[in-house]
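# Coordinate inspection notes
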Amino acid sequence: MAEIRPFSCVRPAAELADRVAALPYDVYNRQEAKAEVQREPMSFLKIDRAETSFDDSVDTYAPEVYEKARELLEKDIEDGVYITDPDRVYYIYQLEMDGRTQTGLVACSSVDDYMNQVIKKHENTRADKEVDRITHVDTCSAQTGPIFLAYRADQEISTVVKKYVKTEPVYDFTAVDGISHRVWKISAREDVDTIYQAFQRIDKIYIADGHHRAASAVKVGLKRRKENPGYTGEEEFNYFLSVLFPHDELMIMDYNRTVKDLNGLSLDEFMDKVKEKFEVEESETPVAPEKKGTFGMYTEGKWYVLTAKPELFKGKDAVESLDVSVLQDNLLGPVLGIGDPRTDSRIDFVGGIRGLQELERRASEDMCISFSMYPTSIIELFDVADNNLLMPPKSTWFEPKLRSGLFIHRI
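The paragraphs below set out a description of the structure included in this document. (Residues numbered from 1 in each chain as written. Predicted model: local features only at pLDDT ≥ 70, side-chain atom pairs only at ≥ 80, totals over all residues. Heavy atoms only, no water.)

## Describing unusual backbone geometry
Each neighbour pair has its own omega, and for E399 with P400 the value is -5 degrees, a cis peptide bond. In this fold, P400 is placed in the loop between β20 (397-398) and β21 (409-410). The backbone phi angle of Q117 is positive, close to 65 degrees, even though this residue is not glycine. Of note, Q117 is situated in the loop between α5 (111-115) and β6 (119-120). Positive phi, close to 55 degrees, is recorded for N388, a residue that is not glycine. The topology assignment puts N388 in the loop between α13 (378-386) and β20. For N388, a relative accessible area of 53% puts it in the exposed group. (Helix = DSSP H or I, 4+ residues; strand = E, 2+ residues; numbered from the N terminus. Buried < 20%, exposed > 50% of the residue type's maximum accessible area, 1.4 Å probe, protein only.)

What follows is the structure in structure tokens.
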């Protein structure tokens, strides 16, 4: 059963929340991060990406960068930018984008639940990407970027949440990108107990986004256990910062593909090979697939609708039947020669938030052909994780992104 705990939160003073809140550290390159901190000096990005305090001659991952992050965090706490709630509570975090809201619970999840697969993953992680966040969390003794988790909607939890969202929020602001953020504090002890006990009856929690942050937080916890052999399990390093959303409020966007060339084929030769596995129909308008098993394809100024033939789905497991797998296994791999999309420089991935125009632009400029996808569903994600399988790379794109700096868990 899931151990989802309330916690004593370090969070920004109400009048500063909109200035502090920052997009996740990994959506920026170094120059973009520096520009954002220059635009908003109070942005939590200055702590998440402390290399922004140094000139470019200092390595992003130098020890002094992490020490600077710790120093900046401690200074902001001392200066009153952040306050510490003394009581252990849950928070409600609601995001609104384009008129659609999703409402999650901010809490701490268990390292042991991650290790025992109560918290289930659907992606592999890369050790080199983990090292940065391991060092950041360990040096700051704080988890600053929440892990995006999902669970099957629960009526008891929903009832408590609905009661609070009718009240005055702790934070209520719209960020520069147009995403609205609202936060409430669940302070009544009976409501805290109701939520805790409800999660105790839930046996599966899923990582939606943030696999590397989750793995890093867990590894810091395990490191601290080794350093403290008499640990009891109650220490804060045994838990990691999370926002948990009910599955029926989440939207996964398409994660599209664009490829450099036709693998030495003429367009006619390529089309003949595609038609072996897909029905092909030219479209006069850009194609955003409306159902599973259909794909948009754009090349040489024209859009096409591809419909996978039924036999491509027969006898397939939860991963093989994903649209991203069907396209990879029957077109990108055998026809275009994309053997491993994780490492092949001939393929790139375009989040659906960028729109179909970006696929057209890429295919007309630095690439040759683009594919628009029907989004992976949250139930497909659950099925993959429940079967202890792993999704292909770039299968899901979640929007809106959780902000960093609104909630900090000291360990």
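## Remarks on the packing of helix α7 (residues 155-164) against helix α8 (residues 189-200)
The geometry of α7 relative to α8 is characterised by a closest axis approach of 9 Å and an angle of 150 degrees between their N-to-C directions. What the angle tells us is that α7 and α8 run roughly antiparallel. For the pair α7 and α8, the sense of crossing is left-handed. For the pair α7 and α8, the contacting residues are E156, I157, V160, K163 and Y164 in the first and D191, T194, I195, A198 and F199 in the second. Among the residues making up the contact of α7 with α8, the classes are represented as six nonpolar, one polar and three charged. (Axes fitted to C-alpha atoms, helices over the stretch in contact; angles between N-to-C directions. Parallel < 35°, antiparallel > 145°, perpendicular 65-115°, else oblique. Left-handed = near helix turned anticlockwise from the far one by under 90°. Contact = heavy atoms within 4.5 Å. Nonpolar A, V, L, I, M, F, W, Y, C, P; charged D, E, K, R; others polar.)

## What to know about the nonpolar core
In this structure, F270, L331, L336 and F371 are the most contacted members of the largest nonpolar core, which totals 65 residues. Setting aside residues no more than four positions away along its own chain, F371 makes contact with N256, R257, V259, F270, G296, M297, L306, L327, L331, L332, L336 and L359. Counting 32 residues, the second largest nonpolar core, distinct from the first, contains I147, Y164, I186 and I205. (Core = buried A, V, L, I, M, F, W, Y, C linked by side-chain atoms within 4.5 Å.)

## Some words on the packing of aromatic side chains
Applying the stated criterion across every chain yields a total of twelve aromatic pairs. Geometrically, the ring pair formed by F44 and Y82 is edge-to-face, given 6.3 Å between the ring centres and 85 degrees between the ring planes. Taken together, the positions of F44 in the loop between α2 (30-39) and α3 (45-48) and Y82 in strand β3 (residues 82-84) put the pair 38 residues apart, joining distant regions of the chain. Looking at F44, the relative accessible area reads 0%, which means it is buried. For Y82, a relative accessible area of 3% puts it in the buried group. When the ring of F148 is compared with that of F398, the centres are 5.1 Å apart and the planes differ by 50 degrees; the resulting orientation is tilted. (Phe/Tyr/Trp six-rings, centres within 6.5 Å; stacked < 30°, edge-to-face > 60°.)

## Here we look at the pairing of strand β18 (residues 347-351)
The element β18 is extensively covered by neighbouring structure, given that four of its five residues are classed as buried. In terms of strand pairing, strand β14 (residues 255-259) meets β18 through five bridges, oriented antiparallel. From the neighbouring strand, R257 faces β18, where its bridge partner is F349. (Pairing = 2+ DSSP bridges.)

## Re a negative patch on the surface
On the surface, D268, E269, D272 and E276 cluster together into a negatively charged patch. Tracing the sequence through the fold places D268 in helix α10 (residues 267-274). (Patch = residues over 30% accessible without salt bridge, like charges linked within 9 Å, V, L, I, M, F, W, Y side chains within 5 Å. Areas by Shrake-Rupley, 256 points an atom, 1.4 Å probe, with all protein chains shown as cover. Salt bridge = Lys/Arg side-chain N within 4 Å of Asp/Glu carboxyl O. Lys, Arg positive; Asp, Glu negative; His and termini not counted. Charge placed at Lys NZ, Arg CZ, Asp CG, Glu CD.)

## Here's the deal with α10
Within α10, burial applies to F270, M271 and V274. Buried residues in α10, looked at end-on, bunch into an arc of 100 degrees, giving them a common side. The exposed set on the far side of α10, more than 90 degrees from its buried face, consists of D268 and D272. Looking at the buried residues of α10, the elements they touch are β15 (278-283), β16 (294-299), β17 (302-308), α11 (323-332) and β19 (369-372). (Arc of directions from axis to C-beta.)

## Points about the side chain of R11
Along the chain, the position of R11 falls in strand β2 (residues 10-12). A polar contact of 2.6 Å, which involves the side chain of R11, links it to the side chain of D85. Sequence-distant contacts of R11, that is, excluding residues within four places in its chain, are made with V81, Y82, I83, D85, Y91, V170, Y171 and L406. (Polar contact = N/O pair within 3.5 Å; in protein donor to acceptor, adjacent residues only side chain to side chain.)

## Side note on the packing of helix α6 (residues 127-140) against helix α9 (residues 211-227)
Put simply, α6 and α9 touch, their axes get as near as 8 Å, and they point 55 degrees apart. Classed by the angle they form, the pair α6 and α9 counts as oblique. For the pair α6 and α9, the crossing hand works out as right-handed. Of the residues in α9, those touching α6 at K129, E130, R133, I134, V137 and D138 are H212, A215, S216, K219, V220, K223 and R224. Tallied by class, the residues present in the contact of α6 with α9 amount to four nonpolar, two polar and seven charged.

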